[in-house]
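Geometric and topological summary
The lines below spell out each chain.
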Amino acid sequence: MKKKINLINLQIDSKIEKKFDNYNLKNLISIGDWCELANNIYLKKKKFKYLDFYDWYNLKKKSKDTVVIINTYEYFLKFFTKKLNQIHKENKSVRFWEILLSRWLFTYVVNIFSRWQIVNKIKSKYKINSVLSKKIKTRNLIPYTSQHFHWIMQSPYDDDWNTIIFNRIIKFIFKKQIKFITFENKKKIKNKNNIFKKISYSNVINLSIYKKIFFYDFSLNRKLKLLMMFENLFLNIQLKKKNIYLDSKINHHMREKLNLEKNNSKNNFYKFIHLDLKNSLPKIFLEDYSLLKKTYKNLNWPKKPEYILSSYGQYYDEVFKFYCAQKIDNTKFFILQHGYNNMFADKDFYAGNIDKKISTNFLTWGKNLKDNSKPFIFPLKSHFEDKINSNKKIIFILYAFNEKPYLPLNGFISNNQKNVKTIKLVENFIKNSSLEIQNNSSAKLMSHSSIESVNKSIKYKFPNLVFVNPKKKFSQIINNFNLSIHFFLGTPFFESMHHNKPCVLILDKEIHLNFDRKFSIFLNDLKKNKICFEKVDDASKFINLNYDNISKWWKNKRLQKSRNKFCEVYCRNFENNKEILKKLF
């Protein structure tokens, strides 16, 4: 017999909590741990139980989930190709529309799928008496652009989209009427929607003698950009960004055309998405499509480029995406790896997969031949002094994740759990470190958290630990420290390895995506050389013993050989691959 529950689907604060008492409800359970978050885990404990269906170790199901997501993405990509061609009287290819829509569509499908899984799990295990939610004033949650949609989903200032989507899915899956108890939300929300009410682009100065090469938002360091232009006899200078503001009204009649004409799909997940599309497709692809097209026609960019290169223009720059989509049949589109990826299982589906899918070639940071990858170099500043700072200072590199449930259940833990694990790892490391190490340690945080629990909790527990300015890039401070300790395998770890600066990785696998076989072999080699540790106690013990001899440990021939092999595949140096800038074309 299923247990009866009253389901909480809103962010809980003290005012909301008091209102719960008026209803005298039993078996109150939150839909997930994001409903009741603590910005300091040492001071605030959860008062309500919450549902947790995440299972990091069910990797077989994660692979199956990936197939479902890919199939859903492909189905709706074909759907949009047909629909948007009809609406805009175009005859564009699937690839054209994929370059425009992929970032939004992929993000949308994954976010809906994660919540769909949660509600289905609830239905299989519980009987819902009521859903406690909040009154959300009718306000426009239809996004202007792909970036605006991303903001609406993961905004640190409110959870309206998250609450609304869960409510819609609950009503859809539980066919019978469910009682919703709604509460007033008097919290003032910072309205940042207007900053997304625009599209932007840069004019360029582009001249070429032989090969017509154009790059845009290309994150190769300045010195190498100049060298690339010199060796290939072209000039490409990106000028200041210009804004064009979007002012078209929402066309509800046009949006209704996105519904499935005949409700003949046997897939309930597809049915739900069809019903929701009118609320979620960015205006730039519908009401403001003609403005996007007009902006493209006024660009001074190359008319017939042979090569287009970018690192992140394909994410949210709608004008650049339209340009690429128009040129793609007669040009090669290279996307340079931006951030850590190309090392995960399931075809890197949650990292660089879409970049690979829309590009001719995906330029990797090293000789990592995977899918359509093409070996390139690590794009950030390549030349650092081959010298290790002997000041005995240590920097902790930390990540904090957005707490909303945007990843599927299998192969993951919740992002709030990731943040709590990070806090506990730091706590255990510091407690097991010598007093000298504690006094010489600082921290740098890369945060997407909505409540900043990582830094607030750590600062509370260790008030003497200094957090460096988050606006400073890791490359700007790397030389100020004798050793960097990475509590997450992100870009700064690859920077440290690339620049040959002493570093230690504390690898809690549950915080990460599962890695592919090739990368796992490299990690095992790093473990043998004490660069990587799975247990924080082993890492602190090793650093305590070697604190006075970091340079000696790091310069060990065996360690350096391991590091060189790793870097050649995942973050190789330009100095050893100088021909690459010309060979690329």
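Below is a short write-up of the structure. (Residues numbered from 1 in each chain as written. Predicted model: local features only at pLDDT ≥ 70, side-chain atom pairs only at ≥ 80, totals over all residues. Heavy atoms only, no water.)

1. Observations regarding the sheet that holds strand β14 (residues 441-447)
Keep this limit in mind: DSSP-based pairing: two strands are paired if at least 2 bridges between them are found. For helices the rule is a DSSP run of H or I covering at least 4 residues; for strands it is a run of E covering at least 2, with both sets numbered from the N terminus onward. Contact definition: two residues touch when any of their heavy atoms are within 4.5 Å. Lines fitted to the C-alpha atoms define the axes, with helices restricted to the stretch that makes contact. Angles between their N-to-C directions range from 0 to 180 degrees.
The 6 strands are arranged β15-β14-β13-β16-β17-β18 in an open sheet whose pairing can be described as parallel. Looking at strand neighbours, the two that pair on one side only are β15 (466-467) and β18 (532-533), the edges of this open sheet. Where β14 lies against β15, 2 bridges are found, and the strand directions are parallel. Paired with alanine 443 across the two strands is phenylalanine 467, which belongs to β15. Across the face of the sheet, helix α16 (residues 453-461) comes into contact with β13 (394-400), β14 and β15 while running at roughly 135° to β13.

2. Concerning the environment of serine 310
Keep this limit in mind: Note on classification: 1.4 Å probe, protein chains only; a residue is buried when its accessible area is under 20% of the maximum for its type, exposed when over 50%, partly exposed between these limits. Definition of a polar contact: a pair of N or O atoms within 3.5 Å, with one able to donate and the other able to accept a hydrogen when the atoms are protein atoms, and with sequence-neighbouring residues admitted only if both atoms are side-chain atoms.
Along the chain, serine 310 falls in strand β9 (residues 307-310). A relative accessible area of 0% places serine 310 in the buried class. Apart from residues lying up to four places away in sequence, serine 310 is in contact with Tyr216, Asp217, Phe218, Phe320, Phe334, Ile335 and Leu336. Polar side-chain contacts of serine 310 include one of 3.5 Å to the backbone oxygen of aspartate 217.

3. Here's the deal with the packing of aromatic side chains
Quick note on the threshold: Aromatic pairing here means that ring centres of Phe, Tyr or Trp (its six-membered ring) are within 6.5 Å. Orientation follows from the plane angle: under 30 degrees is stacked, over 60 is edge-to-face, and everything else is tilted. Consider the ring centre and the ring normal. A charge sits over the ring if Lys NZ or Arg CZ is within 6 Å of that centre and within 35 degrees of that normal.
Scanning the model with the defined rule gives 64 aromatic pairs in all. What links up through ring pairs into an aromatic cluster is the set Phe96, Trp97, Phe214, Tyr216, Tyr289, Tyr296, Trp301, Phe320, Phe322, Tyr323 and Phe333. When the ring centre of tyrosine 50 is taken as reference, the NZ or CZ atom of lysine 46 above it lies at 5.4 Å.

4. Notes on a nonpolar patch on the surface
The following threshold applies: For patch detection, residues must exceed 30% relative accessible area and be free of salt bridges, and they are connected within 9 Å for like charges or within 5 Å for nonpolar side chains (Val, Leu, Ile, Met, Phe, Trp, Tyr). Each accessible area is a Shrake-Rupley result for a 1.4 Å probe, and residues are judged covered by the shown protein chains and nothing else. Within this document, salt bridges are pairs made up of a side-chain nitrogen of Lys or Arg and a carboxyl oxygen of Asp or Glu, the two lying within 4 Å of each other.
Together, Ile205, Leu207, Leu235, Ile237 and Leu239 line one region of the surface with nonpolar side chains, adding up to about 400 Å² of accessible area. Relative to the assigned elements, leucine 207 resides in strand β6 (residues 198-208).

5. Some details on the sheet that holds strand β2 (residues 28-30)
Pairing within the open sheet is parallel, and its 5 strands lie in the order β3-β2-β1-β4-β5. Whereas interior strands pair on both sides, the edge strands pair on one side only; in this sheet they are β3 (49-50) and β5 (179-183). Running over the sheet, helix α3 (residues 94-125) touches β1 (3-8) and β4 (126-134) and is turned about 140° from β4. Strands in contact with helix α5 (residues 160-173) are β1, β4 and β5; relative to β4, the strand with the most contacts, it is inclined by about 145°.

Purely spatial values, then, with no claim about function.
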